[in-house]
Amino acid sequence: MTALLEADGVSKHYGPFRALDRVSLTVGEGEFVSIIGPNGAGKTTLVNVLTGVTPPSGGAVRFKGRDIAGLGRARLARLGMARSFQLVNIFPGLTVEETIATAVVSRLGRASRLFARLGADPEVREEVREVAALFNLSEHLGRPARTLPQGDKKLLDVASAFALRPEVILLDEPTSGVGTRDKHAIMETLVAAASRIGIRAIIQVEHDMDIVFGYSARIVALHEGRVLADGPPDAIRGDAHLVATVIGARRP
């Protein structure tokens, strides 16, 4: 298995508080890895470290063999790693087309031309429409993103990250806030789009255990900043003590 993303003994301290304590994991070619754990386990901190938003206090983070600790999202995107943006919340006044175009023009290096030149740039327009079609958003291109149903907002969030054409993508709760039927529709669309675009690995933070067990090839369970378990879904599900510790007393 080709290692794409590696965390080697990563720690993160905020004063005396240890958010991550010597966390190690490797994500390889073709893997779909879910990171789970109770609130305060260190999931968001780990994703922030893996995506260069937050530099680690110790240890190393490597992407395709290169040390990327603290590199930042923009430079990581150019290397081939992207994280979902939640641009609908950041720029609520943008249309669906403009939201996806924000990522496309960033990848193409045309950010200054986004609004003035979007309609006159056939390459950007074509890529936006291609991504929108993959995520079933074509009929909403002219619609203000903030007016979409919650499920479509989630799809738009993921579509914006996919528009960067990454090799590895990290998703922070891609199905939160939507009903069960929409959750599975989002995941099916996401997986199909990843295959079409050629994404080599997916990492997600997700609380919904139906989604975690239904789509993951591997699950990394965090607790109090440490990796409590790292294995296939059946192994995680079969450990009653682990389930009670990282999920709750009731087994999924």
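Refer to the structure printed above.
The residue numbers shown here count from 1 along each chain, following its written sequence. Local features in this predicted model are restricted to residues whose pLDDT is 70 or higher, and side-chain atom pairs enter the listing and the counts only when it is 80 or higher, whereas totals over whole chains, interfaces and linings include all residues. Only hydrogens and water are removed before side-chain values are computed, so all heavy atoms of the structure are retained for them.

Trainee: Explain the sheet that holds strand S6 (residues 81-83) here, please?
Mentor: Paired through their backbone hydrogen bonds, the strands of a sheet run either parallel or antiparallel. Strands are treated as partners if at least two bridges between them are detected by DSSP. Per the convention used, a helix needs a DSSP run of H or I reaching at least four residues, while a strand needs a run of E reaching at least two, with both numbered from the N terminus. In spatial order, the strands read S6-S7-S8-S3-S9-S10; together these 6 strands make up an open sheet with mixed pairing. Strand pairing shows two members of the sheet lacking a second neighbour, S6 and strand S10 (226-231), which therefore form its edges. The mean inter-strand angle of the sheet, taken between neighbouring strand axes irrespective of direction, is 15°. Residue contacts are defined here by distance: any two heavy atoms, one from each residue, within 4.5 Å place the two residues in contact. Every axis corresponds to a line fitted to the C-alpha atoms, with the helix fit spanning only the stretch in contact, and the corresponding angles, defined between N-to-C directions, vary from 0 to 180 degrees. The sheet strands contacting helix H1 (residues 43-50) are strand S3 (32-36), S6, strand S7 (168-172), strand S8 (201-205) and strand S9 (218-223), and the helix crosses S3 at an angle near 135°. Sitting on the sheet, helix H8 (residues 180-197) touches S3, S7 and S8, and the angle it makes with S8 is about 155°.

Trainee: What's the story with the environment of Arg 181 in this structure? I'm lost.
Mentor: Note on placement: Arg 181 falls in helix H8. Accessibility here uses a 1.4 Å probe with only protein chains present; expressed as a share of the type maximum, an area under 20% marks a residue as buried, one over 50% as exposed, and anything in between as partly exposed. Under the relative-accessibility criterion, Arg 181 is labelled exposed at 77%. Sequence separation between Arg 181 and Gly 151 is 30 residues; the distance between their C-alpha atoms is 9.7 Å.

Trainee: Please explain the pairing of S9 as it appears in this structure.
Mentor: Consecutive residues of a regular strand have side chains that alternate between opposite faces of the sheet. Counted residue by residue, S9 has 5 buried out of 6 residues, so it is predominantly covered. Judged from the 4 bridges that link them, S3 and S9 form a sheet pairing that is parallel. Across the sheet, the residue bridging to Val 33 is Arg 218, located in S9. Pairing geometry for S9 and S10, over 5 bridges, is antiparallel.

Trainee: What should I look at first to understand the nonpolar core in this one?
Mentor: The nonpolar side chains of a soluble globular protein tend to be buried, and buried together. The biggest cluster of nonpolar side chains holds 39 residues, and the ones touching the most others in it are Ile 100, Phe 135, Leu 137, Phe 162 and Ile 202. Looking at this core, the elements that each hand over two or more residues are helix H4 (96-108), helix H6 (122-134), helix H7 (150-162), S7, H8 and helix H9 (209-215). Of all hydrophobic cores here, the second largest spans 28 residues; its members include Val 10, Leu 25, Val 61 and Met 81. Only buried residues count toward a nonpolar core. Its members are Ala, Val, Leu, Ile, Met, Phe, Trp, Tyr and Cys residues joined through side-chain atoms within 4.5 Å.

Trainee: Looking at this model, I keep getting lost on the sheet that holds strand S2 (residues 17-28). Mind explaining?
Mentor: Strand order across the open sheet formed by 4 strands is S2-S1-S4-S5, with antiparallel pairing between neighbours. Only two strands of the sheet have a single partner each, and these edge strands are S2 and strand S5 (66-67). As paired elements, strand S1 (residues 3-14) and strand S4 (residues 58-63) share 5 bridges and run antiparallel to each other. Across the sheet, the residue bridging to Asp 8 is Ala 60, located in S4.

Trainee: What should I look at first to understand the side chain of Thr 45 in this one?
Mentor: Tracing the chain through its elements places Thr 45 in helix H1. Classification of Thr 45 by relative accessible area gives buried; the value is 16%. Filtering out sequence-adjacent residues up to four positions away, Thr 45 remains in contact with Lys 12, Tyr 14, Ala 19 and Leu 20.

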